[in-house]
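Spelled out, the chains give:
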Amino acid sequence: GGEGTVAISIGGLVGSVNDAQTTIEQCLTEGNINGLTTMAQVGGLVGWFDGTSKTVMSTIKDCYSLMDVSGTSTSDKKGTGGLVGRVGIYTTISNSYAVGKVTGTSNVGAIIGYSPESTSTVSNIFYSKTLSGQTSGVVGVAKSTYAMTKQATYTGWDFESVWGIDETKSMAYLRVFGVPDKLYD
């Protein structure tokens, strides 16, 4: 026998979406997730997310993560992110946010941990710089926790049928899951 290193993908919803045309829509994750290996890509929603080509893209739309995410990867091509640990070159991510605490040893981001130069499209993505513990990231717009309780922050989001918000106690929430008691501490 020999020795080897295993790369793993860990996500709050899915470990890996790779070489497929996949749509992840109207989802949420909450809790804690830890990647305790030096070769892990860890994300609040998806560990590794990629499509197949410019015409066969994978999509994340209208999702949020309250997941606290930590990773110990030391690889330069792995990452730890509030939504996605590693995003590939054929992806679209829109109208989503992450507010869990994100910590790691390499390639750490409030939204995406690692992203190569890519044809990915990212739009209307937010994170709480206070709750995530991250002041910058590969993508996403940092907002105060207070700003994330205001509908005006979420420009272009569908508050008629997909999202709801109670500006006195919550950030945006998905209507399909009902009104939360409280969406942040």
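### Focus on the overall build of the protein chain
- Along the backbone of the protein chain there are one helix and 18 strands.
- Within the protein chain, the fraction of its 185 residues that count as buried is 47%.
- In the protein chain, 70% of the contacts between residues at least 6 apart in sequence involve partners at least 24 apart.
- With an accessible surface of roughly 8,400 Å², the protein chain has 46% of that area assigned to carbon and sulfur atoms.

### Details of unusual backbone geometry
- Residues other than glycine seldom take positive phi values, yet Asp62 does so here, at roughly 55°.
- Among the structural elements, Asp62 can be located in strand 7 (residues 58-65).
- The backbone phi angle of Asn124 is positive, close to 55°, even though this residue is not glycine.
- Within the secondary structure, Asn124 sits in strand 15 (residues 121-128).

### What to know about the packing of aromatic side chains
- Across all of its chains, the model carries 10 aromatic pairs by this definition.
- Centre to centre, the rings of Tyr64 and Tyr97 are 5.1 Å apart; their planes meet at 10°, and the pair counts as stacked. Of the two residues, Tyr64 sits in strand 7 while Tyr97 sits in strand 11 (residues 91-98), which places them 33 residues apart along the sequence.
- A centroid spacing of 6.0 Å and a plane angle of 45° characterise the contact between Phe126 and Trp157, whose relative ring orientation is tilted. Linking Phe126 in strand 15 with Trp157 in the loop between strand 16 (141-143) and strand 17 (163-164), this pair joins segments that are 31 residues apart in sequence. Side by side, Phe126 and Trp157 carry an identical accessibility label, which is buried.
- Among the aromatic side chains, those forming a connected cluster through ring pairs are Tyr64, Tyr97, Phe126, Tyr154, Trp157, Phe159 and Trp163.
- Directly above the ring of Trp48 sits Arg86, whose terminal nitrogen or CZ lies 4.8 Å from the centroid.

Cut-offs and rules
- Residues numbered from 1 in each chain as written.
- Predicted model: local features only at pLDDT ≥ 70, side-chain atom pairs only at ≥ 80, totals over all residues.
- Heavy atoms only, no water.
- Helix = DSSP H or I, 4+ residues; strand = E, 2+ residues; numbered from the N terminus.
- Buried < 20%, exposed > 50% of the residue type's maximum accessible area, 1.4 Å probe, protein only.
- Contact = heavy atoms within 4.5 Å.
- Areas by Shrake-Rupley, 256 points an atom, 1.4 Å probe, with all protein chains shown as cover.
- Phe/Tyr/Trp six-rings, centres within 6.5 Å; stacked < 30°, edge-to-face > 60°.
- Lys NZ or Arg CZ within 6 Å of the ring centre and 35° of its normal.

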